[in-house]
Amino acid sequence: MTNDTPQRVAIVTGASRGIGRAIATRLASDGRHVVLVARSEGPLAEVMAEIEKAGGSASIAALDVADPAAIQETIDTVVKDLGRLDILVNNAGITRDNLILRMTDDEFIDVMRVNLTGVFAACRAAARPMMRGRFGRVVNIGSTSGVVGNSGQANYAAAKAGVIGLTKTIARELGGKGITANVIAPGFIKTDMTAGLPDEVTKKVMEGMAVKRLGEPEDIAAAVAYVSSDEAGYLTGQTICVDGGLTMA
Ligand SMILES: NC(=O)c1ccc[n+]([C@@H]2O[C@H](COP(=O)([O-])OP(=O)(O)OC[C@H]3O[C@@H](n4cnc5c(N)ncnc54)[C@H](OP(=O)(O)O)[C@@H]3O)[C@@H](O)[C@H]2O)c1
């Protein structure tokens, strides 16, 4: 950041644990003010305290990303209070895995509401302030499941594939205004989301990887740090699989 560049303001959803927490911590250590979003306020306050202890700057907003009005209101408030919005990282996500024959309507719809509608609503709310600032970095966290599919994840893969189409469209619509939009698609990362998987599944996944280890949340945070940086202005509309060579899609 040069002296005449203002402090960038970033919103990171799903920032209370796992990948989102690592992204928020990394962006704060890179000098951004980070607005931490998730449903539960307590864990967000802990992440904020950790960031502040390390000399960074953060604030929190507890909301459900499946509620478009709450997202709009929060982004409006951020822009009103902090004067700008430069970086949006849509990371909040859920799984409700089931084979297609057994998948219920609710399992499909719940995942769509959080993983796709929530991303759409945040991108829509962020577009105007980013256009006004003639700068924006939209980073949507997808999944390799959305690129190559995954058994048991018809709902999740459909939502994550939808995020790719949404992101490419934003890249085209807003590219002329200094705004980029990209997807970071993690493979298999050590978080609560993957903690419950049986050991034999984890072992099999690892065997299929070029890099023979599971990913760390920090591996994803490093990629987000780059695509959201000022210097990444010529990178847009891309889906970058950060997956240890699992898919090579
Ligand atoms: N872990 C992996 O291997 C992997 C692989 C590919 C893609 N991903 C993607 O990476 C992202 C993060 O995954 P993770 O493994 O870090 O998950 P995680 O450990 O389960 O954390 C999910 C985060 O999202 C928040 N969240 C969930 N539902 C929300 C909602 N409706 N509104 C607001 N916040 C919500 C959670 O906080 P609250 O519960 O307090 O709301 C939490 O902060 C997701 O989009 C996931 O699909 C993960």
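Up top is the structure these notes are about.
These notes cover the structure that comes with them. Since the structure is predicted, the reported quantities are computational estimates derived from the model, not experimental observations. (Residues numbered from 1 in each chain as written. Predicted model: local features only at pLDDT ≥ 70, side-chain atom pairs only at ≥ 80, totals over all residues. Heavy atoms only, no water.)

### Details of unusual backbone geometry
Step number 1: In this structure, Arg 134 takes a positive phi of about 50° despite not being glycine.
Step number 2: Looking at where Arg 134 falls in the secondary structure, it is placed in the loop between helix 4 (105-133) and strand 5 (136-141).
Step number 3: For Arg 134, a relative accessible area of 52% gives the class exposed. (Helix = DSSP H or I, 4+ residues; strand = E, 2+ residues; numbered from the N terminus. Buried < 20%, exposed > 50% of the residue type's maximum accessible area, 1.4 Å probe, protein only.)

### Here's the deal with the nonpolar core
Step number 1: Counting 41 residues, the largest nonpolar core has Ile 11, Val 65, Ile 71, Ile 75, Leu 85, Leu 88 and Met 130 as the members making the most contacts within it.
Step number 2: Where this core is concerned, the elements lending two or more residues are strand 1 (9-13), strand 2 (33-38), helix 3 (68-82), helix 4, helix 6 (154-174) and strand 6 (179-186).
Step number 3: Considering every element that reaches this core, the biggest residue donor is helix 4, with eleven residues.
Step number 4: Each residue touching Ile 11, except ones within four places of it in the same chain, is listed here: Val 35, Val 37, Ile 75, Val 78, Leu 85, Ile 87, Leu 88 and Val 89.
Step number 5: Judged by nonpolar contacts, the second largest core, of 29 residues, contains Leu 36, Ala 38, Leu 44 and Val 224. (Core = buried A, V, L, I, M, F, W, Y, C linked by side-chain atoms within 4.5 Å. Contact = heavy atoms within 4.5 Å.)

### What about helix 3?
Step number 1: Over its 15 residues, helix 3 extends 21 Å from the first C-alpha to the last, a length consistent with the 21 Å expected when each residue adds 1.5 Å.
Step number 2: Three or more residues of helix 3 are buried, namely Ala 70, Ile 71, Thr 74, Ile 75, Val 78 and Val 79. Burial along helix 3 is one-sided: seen end-on, the buried residues are contained in an arc of 165°. Turned more than 90 degrees from where helix 3 packs its buried face, Ala 69, Glu 73, Lys 80 and Asp 81 sit exposed. (Expected span 1.5 Å × (residues − 1). Arc of directions from axis to C-beta.)

### So, the environment of Leu 197
Step number 1: The topology assignment puts Leu 197 in the loop between helix 7 (192-195) and helix 8 (199-207).
Step number 2: Among the residues examined, Leu 197 registers a relative accessible area of 33% and is labelled partly exposed.
Step number 3: Each C-alpha atom of the pair Leu 197 and Phe 120 lies 29 Å from the other, and the pair is 77 residues apart in sequence.
Step number 4: When sequence neighbours within four positions are dropped, the list of residues in contact with Leu 197 reads Phe 188 and Thr 202.

### Comments concerning the site of the ligand
Step number 1: Taken together, 30 residues surround the ligand, and among them Ser 16, Arg 39, Asn 91, Tyr 156 and Thr 191 come closest.
Step number 2: Here Val 65 contributes a backbone N or O atom positioned 2.9 Å from a nitrogen atom of the ligand.
Step number 3: Tyr 156 is positioned such that a nitrogen or oxygen atom in its side chain is 2.5 Å from an oxygen atom of the ligand.
Step number 4: The protein chains hide 96% of the 890 Å² of surface that the ligand would expose on its own. (Near = heavy atom within 4 Å. Polar contact = N/O pair within 3.5 Å; in protein donor to acceptor, adjacent residues only side chain to side chain. Areas by Shrake-Rupley, 256 points an atom, 1.4 Å probe, with all protein chains shown as cover.)

### Observations concerning helix 6
Step number 1: Over its 21 residues, helix 6 runs 30 Å from end to end, which matches the ideal 30 Å to within 8%, given 1.5 Å per residue.
Step number 2: Of the positions making up helix 6, those classed as buried are Asn 155, Tyr 156, Ala 157, Ala 159, Lys 160, Val 163, Ile 164, Leu 166, Thr 167, Ile 170, Ala 171 and Leu 174.
Step number 3: Residues of helix 6 that are buried in the fold lie against helix 4, strand 5, helix 5 (145-148), strand 6, helix 7 and strand 7 (239-242).

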